[in-house]
Amino acid sequence: MADTGTGGSAVPAPHDPEDDMPLAELDARARADAALRRIRAGADPAREAFDLANTMNDEAVGRVTNALRRFLGRDGRR
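What you are looking at is a predicted structure, and each value in this text was computed from that prediction instead of being measured.

1. Some thoughts on the overall build of the chain
Phase 1: When you go through the chain residue by residue, the secondary structure sums to two helices and two strands.
Phase 2: Across the 78 residues in the chain, those meeting the buried criterion constitute 5%.
Phase 3: Split by element, the accessible area of the chain, about 6600 Å² in all, is 56% carbon and sulfur.

2. Describing helix 2 (residues 45-72)
Phase 1: For helix 2, built from 28 residues, the straight-helix expectation of 40 Å at 1.5 Å per residue is met to within 8% by its first-to-last C-alpha distance of 40 Å.
Phase 2: Just downstream of helix 2, glycine 73 is the residue with a positive phi angle, here 80°.

3. Regarding the pattern of salt bridges
Phase 1: All told, the structure shown has three salt bridges when counted by the stated rule.
Phase 2: As a salt-bridge pair, glutamate 59 and arginine 31 come within 2.8 Å of each other at their nearest N and O atoms. Linking glutamate 59 in helix 2 with arginine 31 in helix 1 (residues 23-40), this pair joins segments that are 28 residues apart in sequence.
Phase 3: Residue glutamate 59 is classed as partly exposed on the basis of its relative accessible area of 31%.
Phase 4: Owing to a relative accessible area of 23%, arginine 31 belongs among the partly exposed residues under this scheme.
Phase 5: Put simply, aspartate 51 and arginine 47 hold a salt bridge, and the shortest N to O gap is 3.4 Å. Here aspartate 51 pairs with arginine 47, and both are found in helix 2, just four residues apart, close to one helical turn.
Phase 6: Using a relative accessible area of 30% as the deciding quantity, one classes aspartate 51 as partly exposed.
Phase 7: What makes arginine 47 partly exposed here is its relative accessible area of 47%.

4. Examining the side chain of glutamate 48
Phase 1: Checked against the element boundaries, glutamate 48 lands in helix 2.
Phase 2: For glutamate 48, a relative accessible area of 11% translates into the label buried.
Phase 3: At a separation of 2.9 Å, a polar atom in the side chain of glutamate 48 contacts the side chain of arginine 38.

5. Section: the confidence of the model for the chain
Phase 1: Residues at a pLDDT of 70 or more form 62% of the chain, whose mean pLDDT is 78.
Phase 2: Mean pLDDT across the elements of the chain ranges from a minimum in strand 1 (residues 3-4), with 51, to a maximum in helix 2, with 90.

Scoring rules and cut-offs
- Residues numbered from 1 in each chain as written.
- Predicted model: local features only at pLDDT ≥ 70, side-chain atom pairs only at ≥ 80, totals over all residues.
- Heavy atoms only, no water.
- Helix = DSSP H or I, 4+ residues; strand = E, 2+ residues; numbered from the N terminus.
- Buried < 20%, exposed > 50% of the residue type's maximum accessible area, 1.4 Å probe, protein only.
- Areas by Shrake-Rupley, 256 points an atom, 1.4 Å probe, with all protein chains shown as cover.
- Expected span 1.5 Å × (residues − 1).
- Salt bridge = Lys/Arg side-chain N within 4 Å of Asp/Glu carboxyl O.
- Polar contact = N/O pair within 3.5 Å; in protein donor to acceptor, adjacent residues only side chain to side chain.
- pLDDT = per-residue confidence, 0-100.

Dropping the structure here:
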């Protein structure tokens, strides 16, 4: 949303990188930010990285599996 400055001209709202990110990537960024906050609060960095990587890997495998099922015409039911 634009804001009007003192001269009456429109000043664009600050642009966040999240504005251009796909939803899945935004979720990943939010999870990464949360992991960084936990690390700064004293959590084990190796454990946080491991958990984050596992979560992202599981989601990627799920998306690929679903895409393959759609492509091959299978919905997972027998």
